[in-house]
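Below are the chains, spelled out letter by letter.
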Amino acid sequence: MQNIEAYQKSFLSYLEGFTVNKEPKNLYEPINYILKLGGKRLRPVLTLMTSEVFDGSATEAMNAALSVEVFHNFSLIHDDIMDDAPLRRGKETVHEKWDLNTGILSGDAMLILAYQLFENYEPQIFRALAKLFSKTALEVCEGQQYDIDFETRDDVSIAEYLKMIEYKTAVLVGAAMKMGAIVAKASEEDQNLIYDFGRFLGVAFQLQDDYLDAFGNPETFGKQVGGDILENKKTYLYLKTLELGSDAEKSNLLEVMSNASIANEAKVEKVKALFNTSGAAEATQLAVKDYTQKAFSVLEKLNISDDKKQILQLFGEQLMNRRV
């Protein structure tokens, strides 16, 4: 077993060799561009790490890890188009640097390239990886559609919100880990358990992201604090305020969120105060702990050594503390 930095380093080296220098340039250059924009490479690291957890080889899992990263970045290109986002990791988004049609087509090509990477495996592993990938890719699309639908709905339930973040974010974390287990030829039981471990951690990660968007330190969070509030997003904090708040707090929240004339800073501060007084902030922190604990409880059932269980638990704790 290696540390996170070692997995990142070996994956980045492999990614460097994946550069697609083919014609037409306007199809492949955007692919190379988005893949080299940076990021923590969390998902491919999970694939490599999981393979070694089950006594497999990180080297053998490299193509599966790359497939996960290519798919993730494909989804970012199309997400940025849907959001009309000008920047991704501080750089121009693909559709801004090139154009809309190029962004759509290069994204489509990335989805195909992600599938092609499975061809490097023997038929049985190829089949298992492709089946999991298809299921996951479709769920990510479903999660994205739920997210879009929620923008125009005023009756979103907490259960619906949790399903949305599970599909949009958490299933890919679970799949990244299960792919490592498939390559390592772990038992079907262990494959499914490690999937659940990743899925629960993915939900916890997204709930914590909701919390940090409002209450995080701008210097360490890496994004604009209060961004979700300014975009009127129906986050877990927002929905919990409507569930737990008094009639006055609910009314104030709806009024402030719909008030286009209020200054940004004032809006963020007013909404954060309502998140706190209603108990929604505390409830969100408890939900993060709950899903993290659900992930850790899965570890007890895995057929791996205690020291490997500790490594996975430490990773989960680091993830929740944003050290990785």
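That block above? That's the structure.
Residues numbered from 1 in each chain as written. Predicted model: local features only at pLDDT ≥ 70, side-chain atom pairs only at ≥ 80, totals over all residues. Heavy atoms only, no water.

(A) Geometry of the packing of helix α15 (residues 280–299) against helix α16 (residues 306–320). Where α15 meets α16, the closest approach of the two axes is 10 Å, and the angle between their N-to-C directions is 165°. For the element pair α15 / α16, the angle class is roughly antiparallel. Considering how the two elements wind past one another, α15 and α16 form a crossing that is right-handed. Of the residues in α16, those in contact with V288, T292, F296 and L299 of α15 are K309, L312, Q313, G316, E317 and M320. For the contact of α15 with α16, the class distribution of residues is five nonpolar, three polar and two charged. (Axes fitted to C-alpha atoms, helices over the stretch in contact; angles between N-to-C directions. Helix = DSSP H or I, 4+ residues; strand = E, 2+ residues; numbered from the N terminus. Parallel < 35°, antiparallel > 145°, perpendicular 65-115°, else oblique. Left-handed = near helix turned anticlockwise from the far one by under 90°. Contact = heavy atoms within 4.5 Å. Nonpolar A, V, L, I, M, F, W, Y, C, P; charged D, E, K, R; others polar.)

(B) Quick peek at the pattern of salt bridges. One pass over the full model with this rule turns up 14 salt bridges. With a closest N to O distance of 3.5 Å, E122 and K185 form a salt bridge. You can see E122 sitting in the loop between α6 (100–116) and α7 (123–150) and its partner K185 sitting in the loop between α8 (158–183) and α9 (188–215), a full 63 residues away along the chain. The class for K185 is exposed, based on a relative accessible area of 57%. Here E231 ties to K233 by a salt bridge, and the two come within 3.8 Å at their closest N and O atoms. A relative accessible area of 54% means that E231 is categorised as exposed. Residue classification places K233 among the partly exposed residues on the basis of a relative accessible area of 39%. One salt-bridge network, held together by shared partners, links R153, D155 and E160. (Salt bridge = Lys/Arg side-chain N within 4 Å of Asp/Glu carboxyl O. Buried < 20%, exposed > 50% of the residue type's maximum accessible area, 1.4 Å probe, protein only.)

(C) Region of the structure containing α7. The terminal C-alpha atoms of α7, which comprises 28 residues, lie 40 Å apart, in line with the 40 Å expected from a rise of 1.5 Å per residue. For α7, the complete set of buried residues consists of I125, L129, A130, L132, F133, T136, A137, E139, V140, G143, Q144 and F150. Elements that come into contact with the buried residues of α7 comprise α4 (62–83), α6, α8 and α9. (Expected span 1.5 Å × (residues − 1).)

(D) Structural detail: helix α12 (residues 236–244). Within the span of α12, buried status applies to Y236, L237, Y238, L239, K240 and T241. Among the structural elements, α8, α9, α13 (247–258), α14 (264–277) and α15 are those in contact with the buried residues of α12.

(E) Expanded view of the nonpolar core. Formed by 107 residues in total, the largest nonpolar core has its most connected members in F54, V70, F197, L207 and L312. Setting aside anything within four residues of it in sequence, one finds L312 in contact with M49, V53, M177, I194, F197, L299, L302 and I304. (Core = buried A, V, L, I, M, F, W, Y, C linked by side-chain atoms within 4.5 Å.)

(F) Seen up close, unusual backbone geometry. With omega at 0°, the peptide bond leading from E23 into P24 counts as cis. Position of P24 among the secondary structure elements: in the loop between α1 (4–17) and α2 (25–35). Look at D55: it is not a glycine, yet its phi comes out positive at around 65°. The residue D55 is located in the loop between α3 (42–53) and α4 in this model. Given the relative accessible area of 65%, D55 is considered exposed.

Structural measurements only, silent on function.
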